[in-house]
Amino acid sequence: TNMKKAFLIVLEFVFTAFTVVFAQWVEQNPGVGSHFERINCVNSTTCYLCGENGTMLKTIDGTNWIDKSNGIPGTIFLHQLQALDSDTIFAYGDFNLYWTYDGGENWSETPSIIGGGPHFFLNSSIGYQNAGGDLYKTVDKGVTWNLVKTDGGGTAIYFVNENYGVIETTLMGTTTINKTLDGGENQTLAHQYTSTGAITDIQMITPQIGYACSNDGKILKTSDGGDSWVELIHPFQNNAIFKSLDFINTSNGYVIGTQGKILKTTDGGNN
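What counts, and at which threshold
Residues numbered from 1 in each chain as written. Predicted model: local features only at pLDDT ≥ 70, side-chain atom pairs only at ≥ 80, totals over all residues. Heavy atoms only, no water. Helix = DSSP H or I, 4+ residues; strand = E, 2+ residues; numbered from the N terminus. Buried < 20%, exposed > 50% of the residue type's maximum accessible area, 1.4 Å probe, protein only. Polar contact = N/O pair within 3.5 Å; in protein donor to acceptor, adjacent residues only side chain to side chain. Salt bridge = Lys/Arg side-chain N within 4 Å of Asp/Glu carboxyl O. Pairing = 2+ DSSP bridges. pLDDT = per-residue confidence, 0-100. Contact = heavy atoms within 4.5 Å.

(A) Examining unusual backbone geometry more closely. For Asn53, which is not a glycine, the phi torsion comes out positive at approximately 60°. Along the polypeptide, Asn53 turns up in the loop between β2 (47–51) and β3 (56–59). Taking relative accessible area as the criterion, Asn53 reaches 47% and is therefore assigned partly exposed. Of note, Asp151 is a non-glycine position whose phi angle comes to about 60°, a positive value.

Here is the structure:
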């Protein structure tokens, strides 16, 4: 997405600059002691960050962070954050979906879906959500949700357009990546796990090339539009809990995990 690309352009620039000059990262101190879960940037200076205790922070200069949690209860642990632009942001936590259309000044809660889970919005109106393992779709900004497929939802969802998407599903202890060409109604098996690891993040960089990571240390790549996935070799092989990945293009990207693990590739995951 444009948001992800903007974030990684900034991250790539900052990382390269400090590697050349100081060979180090610069620590940010938002002044909040909560656990942070996700960060999304929409341009070189505007970013959002979420986490436990209803934490929602925003920076417009890349340095100073402002509390933008107005309307989000302090008891909510926000696990997911998607910024479509500087004004339109969706956040999910504890079976509640929150949204703002004014840059975080005010947050509203969408009608709850029983067992609601991870979501992915194509734009401010159209989105998909895993609810109790089932896949739902909204076309009215989350006001109403319609069932697309029973047992079709997953912990990681990514749609290129309204029809074409890749979805992680776990049934009876078996984790798979499925591909759909009709908005999720019909899904074909693209990859199946032989371990108990679950996919934690998926991103399609182009209609053909995409990446995924898991909580059992796997990084996967597809080069054929999600029809098949291969495991990439990396320094933390089978010894990491990966939480998120972000690619600026088909070659340059980052994967992060617990215990401070950060991986960077500049050649599409070959190294």
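(B) View of the side chain of Asp216. Here Asp216 is to be found in the loop between β18 (210–214) and β19 (219–222). On the accessibility criterion, Asp216 (18% relative accessible area) is buried. There is a polar contact of 2.3 Å between the side chain of Asp216 and the side chain of Ser214. Reaching out from Asp216, the side chain makes a polar contact with the side chain of Lys218 at a distance of 3.2 Å.

(C) How the structure looks around the pattern of salt bridges. Enumeration over the complete set of coordinates arrives at six salt bridges. A salt bridge links Asp216 to Lys218; the nearest nitrogen and oxygen atoms lie 3.2 Å apart. The class for Lys218 is buried, based on a relative accessible area of 11%.

(D) A look at the sheet that holds β18. Read from one edge to the other, the open sheet built from four strands follows the order β17-β18-β19-β20, with strand pairing classed as antiparallel. Edge positions in the sheet fall to β17 (199–204) and β20 (230–231), since each has one partner strand and no second. Bridge count between β18 and β19: four bridges; the pairing is antiparallel. Across the sheet, the residue bridging to Gly210 is Thr222, located in β19.

(E) Focus on the confidence of the model for the protein chain. Across the protein chain, the average pLDDT comes to 85, with 89% of residues at or above 70. Looking over the protein chain, one finds the lowest element-wise mean pLDDT in helix α1 (residues 2–21), namely 48, and the highest in β19, namely 95. Within the model, pLDDT remains below 50 along residues 13–23, and this stretch shows six contacts once partners closer than five positions in the same chain are excluded.

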